[in-house]
Structures are given as C-alpha cells and as structure tokens.
Amino acid sequence: MSVGRRVAAAVTARLTTTVVRGLLDDEPPGGARLWERTNHRGEPVSMLGGPAVAAGVLAGGLVGSPSGRDAAALAVATTSATAFGLVDDLTEDREGTVRKGLRGHLGALARGEVTTGGLKVLGIGAGALVAAALSRPHDRLPAGRGGAALVRLADVAADGALVAASANLVNLLDLRPGRALKAAALAAAPAGVLGGRGGGTAAAVLGAVVAELPDDLAERDMLGDSGANAVGAVLGTVAVQACPRPVRLALLAGVVALTVASEKVSFTAVIARTPVLREIDAWGRRPAHVPPGPAADRDPDPDSDPGPGAAEVPAR
C-alpha cells in the first residue's frame, strides 16, 4: 500500500467525518433531542459523532482498500456495526431490568428474550461473518477439496469472531471521553504508518480519529454504540485481511480474554492504577467534576462497559 494511497484514505476519512457531522448537526434525524444525553456535569452530549465517525472510516477505508473484495468486506462490517449500534443507542428499552454486558444479553437470548443489546450481538455477528467470508483467503490451504473447505470454514468462523469481538471491545472502552478513539488510534497506527494490505483502512481510522477526538475530549460528542462498534469492526477487519492465521488467532484470544475480564474487572480501575495508561487516558480531557449526588451516566448504554457488574461508575 503506497504512502499516497494511505494519505488519501486518511484525508478522505477526516473530511467525511467533519462534513457528515456538520450535516447531521444541521438536520439531526428525528430531532436533536433524540441524539442528546446528559453527562455527569449536567451538560448535553450529542451521539451524532458516532454516525459521523462511521461514515468517515467507511469512506476513507473504501479509498484505501486494495481490492474490491476487501472493500466489500469493509462495507459490510462497518454498516452492520453502525446500524445495529444505532438500534441499541436510540431504541434501547430503559424500563425494567437492566442487563449489563455481553453475558447479560446472551443470557437473555438463551431465555428467548430479545433485547436491543441481544439484537446488536446477533446483527453485528452476522455482518462480521459475511465480512470474514468476503475477505479473500491469504493462507495456504491443504490439498483436497474436503480439507480446504473445512479449513476455510474454520477461518471464516474465527475471523468473524475476531471482527465481532473487536467491535464489542472498542465499545467497552467508550466509557470516558476520548478513551475509545485513543485506543483505536494506537491499534491502527502500526498498519497505517507501515502500510501493507490493511494500511489504507488503518489510515482511515487515524483520519477519523483526528477529526472527532477534539469534540469527544471536550464532551460535546460521544461515539455511542454506533461509532464505537463501527471503529472496532473496522479494526477487526483490518486484522483479518492483513494478518496471517497464527496472528489472527492470537489477536482473537487476546480480545476474548479482555472481554471476559471486563465482566469481572473494571477497565477504569486498572487504568487508574497504571501510571502510563492513566496519563494516556487523561491526556486532553477536561478536569474531572463530581457533582453532589449520584453521577449521571456518560454513556446511556449499560452495555458500554459492563465492568465488574454495576460497580463501574460512568463519568462520560
């Protein structure tokens, strides 16, 4: 992937994110109140940043995709993550029992209850499998139709799991201003700078981060599920398309381990205890403000960071 192609992808992503964000701000679908949440400062925060970032990453990624198959896989992964994230953002039922985390949503599905979070799990998972199937094979397959077909099916299943799990992991990080975008930038930087098959799409992630990070840090915007899931799905798709099988499996194991750990351990508490992570996490963020009484959720989706049950206190 040439430097010029990567630069074009990053610039396209940045410009698209900015333009779409402005258009959405002028005429928010359903009205501005639908997209507003109140943070712990009592100030309005808009979720319009999520769709804008998703649009930017998709546009830039299409410019940077090295093939039509890669572009199609990126489009499916991004649009499914954005669409089902929006369903959870805008139509989540806040009455009755709140189910936190992936385990809560899967448990509800097992009992035959379809929550918005459960619908998101199914929708993003299906899109991730399609994206994995569209990504052309890049590992040597064994001779013989049967063996090759089994290996290919196993690859698609594992790769689809990586895309879906990456979407969920970035969403888990979207609990403090700028955290998810910073993590996405760190994950995308190696491929975006060094190039390779996923270099153009990774550069698009960097361009969208540059466009949206100031508003996210200033607490004017938040990614919500639509933006965080989309960015995570794109990062997972980059890994599927650019990495050999052993690396993909190692990444899947790591992402799944972090997701499982998030059910018991607070990411915020771990970051607060780790000096380097704490400094990176706090960079650019407004000084903390703790109002009297219970703090309002920064992220309206209880699935955003399940943490240790209900112990994690959102401050977005």
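Since this is a predicted model, take the numbers as computed values, not measurements.

What counts and what doesn't
- Residues numbered from 1 in each chain as written.
- Predicted model: local features only at pLDDT ≥ 70, side-chain atom pairs only at ≥ 80, totals over all residues.
- Heavy atoms only, no water.
- Helix = DSSP H or I, 4+ residues; strand = E, 2+ residues; numbered from the N terminus.
- Buried < 20%, exposed > 50% of the residue type's maximum accessible area, 1.4 Å probe, protein only.
- Contact = heavy atoms within 4.5 Å.
- Areas by Shrake-Rupley, 256 points an atom, 1.4 Å probe, with all protein chains shown as cover.
- Expected span 1.5 Å × (residues − 1).
- Arc of directions from axis to C-beta.
- Axes fitted to C-alpha atoms, helices over the stretch in contact; angles between N-to-C directions.
- Parallel < 35°, antiparallel > 145°, perpendicular 65-115°, else oblique.
- Left-handed = near helix turned anticlockwise from the far one by under 90°.
- Nonpolar A, V, L, I, M, F, W, Y, C, P; charged D, E, K, R; others polar.
- Salt bridge = Lys/Arg side-chain N within 4 Å of Asp/Glu carboxyl O.
- Core = buried A, V, L, I, M, F, W, Y, C linked by side-chain atoms within 4.5 Å.
- Patch = residues over 30% accessible without salt bridge, like charges linked within 9 Å, V, L, I, M, F, W, Y side chains within 5 Å.
- pLDDT = per-residue confidence, 0-100.

**Observations regarding the overall build of the protein chain**
Counting its regular elements, the protein chain contains 12 helices and two strands. Element order for the protein chain, N to C, with α for helix and β for strand: α-β-β-α-α-α-α-α-α-α-α-α-α-α. A total of 316 residues make up the protein chain; the buried ones form 50% of that total. Look at the contacts in the protein chain between residues 6 or more apart in sequence, and 81% of them connect residues 24 or more apart. Of the roughly 13500 Å² of accessible surface on the protein chain, a fraction of 68% belongs to carbon and sulfur atoms.

**Examining helix α10 (residues 245-262)**
Taking 1.5 Å per residue, 18 residues should reach 26 Å; α10 reaches 26 Å between its end C-alpha atoms and fits that length. By the burial criterion, the buried members of α10 are R248, L252, V255, T259 and S262. What you see down the axis of α10 is that its buried residues fit within an arc of 90°, all on one side. Exposed and facing more than 90 degrees away from the buried side of α10 are P246 and V260.

**A look at the packing of helix α2 (residues 49-64) against helix α9 (residues 224-242)**
Relative placement of two packed helices is described by the angle separating their axes and the distance separating the axes. α9 packs onto α2 with a crossing angle of 25° between their chain directions and a minimal axis gap of 7 Å. Looking at the two axes, α2 sits roughly parallel to α9. Judged by the sense of rotation from one axis to the other, the crossing of α2 with α9 is left-handed. Judged by residue contacts, G50, P51, V53, A54 and V57 of α2 engage S226, G227, A230, V231 and V234 from α9. The class makeup of the residues in the contact of α2 with α9 is seven nonpolar, three polar and no charged.

**Things to note about the pattern of salt bridges**
In total, this model carries 13 salt bridges according to the counting rule given. Two residues, R197 and D70, come together in a salt bridge whose shortest N-O distance is 2.6 Å. Of this pair, R197 sits in the loop between α7 (179-194) and α8 (199-217) while D70 sits in helix α3 (residues 68-91), and the two are 127 residues apart along the sequence. R197 sits in the buried class, given a relative accessible area of 18%.

**Observations concerning the nonpolar core**
Among the nonpolar cores identified, the biggest contains 46 residues, and V57, V205, V231 and L235 are the most heavily contacted of them. Dropping the residues within four chain positions of it, L235 is found in contact with V170, A184, A187, A188 and V205. With six residues, the next largest nonpolar core counts L24, M47, L48 and M222 among its residues.

**Details of a nonpolar patch on the surface**
A cluster of nonpolar side chains, contributed by V3, V7, V11 and L15, occupies part of the molecular surface with about 360 Å² of accessible area. Inspection of the secondary structure assignment puts V11 in helix α1 (residues 3-26). When its relative accessible area of 44% is taken as the criterion, V11 is described as partly exposed.

**Details of the confidence of the model for the protein chain**
Looking at the protein chain, pLDDT values average 84 and 79% of them are 70 or higher. With pLDDT under 50 throughout, residues 294-314 is counted as low confidence; its partners more than four residues away or in other chains account for 86 contacts.

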